[in-house]
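# Commentary on secondary and tertiary structure
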Amino acid sequence: MVLGVAQDAGYPQAGSRQEFKLIEEGLRAKQYAVSLCLVDPQHNKRYLFEATPDFREQLEMADKVSKPTQYPFDGIFLTHAHIGHYTGLMHLGREVMGTRTIPVYAMPKMTAFLQENGPWSQLISLENIALKPLSDSTAISLSNSISVMPFTVPHRDEYSETVGYQIKVSRKSLVFIPDIDKWNRWDVDIREVVKAHDYILIDASFYKDGELKGRDMSLIPHPFTTESMELFKNLSDADKAKVYFIHANHTNPILDVNSREYKEVIQAGFHVAKQGQIFRF
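Below, the structure is looked at part by part.

About the cut-offs
Residues numbered from 1 in each chain as written. Predicted model: local features only at pLDDT ≥ 70, side-chain atom pairs only at ≥ 80, totals over all residues. Heavy atoms only, no water. Helix = DSSP H or I, 4+ residues; strand = E, 2+ residues; numbered from the N terminus. Rg over C-alpha atoms; globule rule 2.2 N^0.38 Å. Buried < 20%, exposed > 50% of the residue type's maximum accessible area, 1.4 Å probe, protein only. Contact = heavy atoms within 4.5 Å. Pairing = 2+ DSSP bridges.

A few words now on the overall build of the protein chain. Helix and strand counts for the protein chain stand at nine helices and 13 strands. Scaling as 2.2 N^0.38, a compact globule of 281 residues should have a C-alpha radius of gyration of about 19 Å, and the protein chain matches this with 18 Å. On the principal axes, the C-alpha backbone points of the protein chain span a range of 50 × 45 × 35 Å. Each of the 281 residues in the protein chain was classed as buried or not, and the buried ones make up 56%. Counting contacts in the protein chain only where the partners sit at least 6 residues apart, residues at least 24 apart contribute 67% of the total.

Written out as structure tokens, the structure is:
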């Protein structure tokens, strides 16, 4: 289940009064920071991918459709140490839920970041969370039919490495890459990744160059949505239909289903991930 589709700061973004006004007028909808919930109804388990600033609302979304064995989640998988991807862990602490040993899966540098910096280190010392180590390109089994594999991707790694995830359920698979630098900086051909999996949820922070007025966008090297569509233009229709754009900045017009840019994505054979959307395996 898709719990959020926006970049770290969500939509509306702080200080963007016009965006708040559009929501008040019913012209736009609030969008939470990017997050997924993997639900295993056979074993009454569920797993969160990304602990975002919108954790509270996203937990309520998950509660409406699923039940865990260990509340609130049987495990939380983190991609990296940027604010929209891990700060929701604060809700597990003594000031809020006061949870007990919730498994938090993280790569080595991400693990060290949590251990060495407060207030996250307090979550560990009070045993609100229990850190579970991950290794690059090494899958872990969540059940006899579900596995999760992290893989490193190039990104701004000031505090930790950055990973995407491959989620396999029986014979189907989903790839989740919410944050990455330009595709040519990765030593993997993303087109081959698309061909090899059933669903691909990828970084679409910005639609095209010039979107952030007055800022040098080469310093924020996410792949533009237009660049990804151009790269994928020779894929088969079936492969294009696997692609779902996610992690859109508040400036990205694909967040508005009535925009010309949103329609361009759909007409080109791709999808824009929707909050609340469910992929069934």
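From this point, the discussion proceeds with the structure in view.
A few words now on the sheet that holds strand 12 (residues 243-246). Spatially, 7-8-9-10-11-12-13 is the arrangement adopted by the seven strands of the open sheet, whose pairing is mixed. Strands with a single pairing partner mark the edges of an open sheet, and in this sheet they are strand 7 (140-141) and strand 13 (271-272). As defined by bridge partners, strand 11 (residues 199-203) adjoins strand 12 across four bridges and the pair is classed as parallel. Bridging across to strand 12, Asp203 finds its partner in Ile246.

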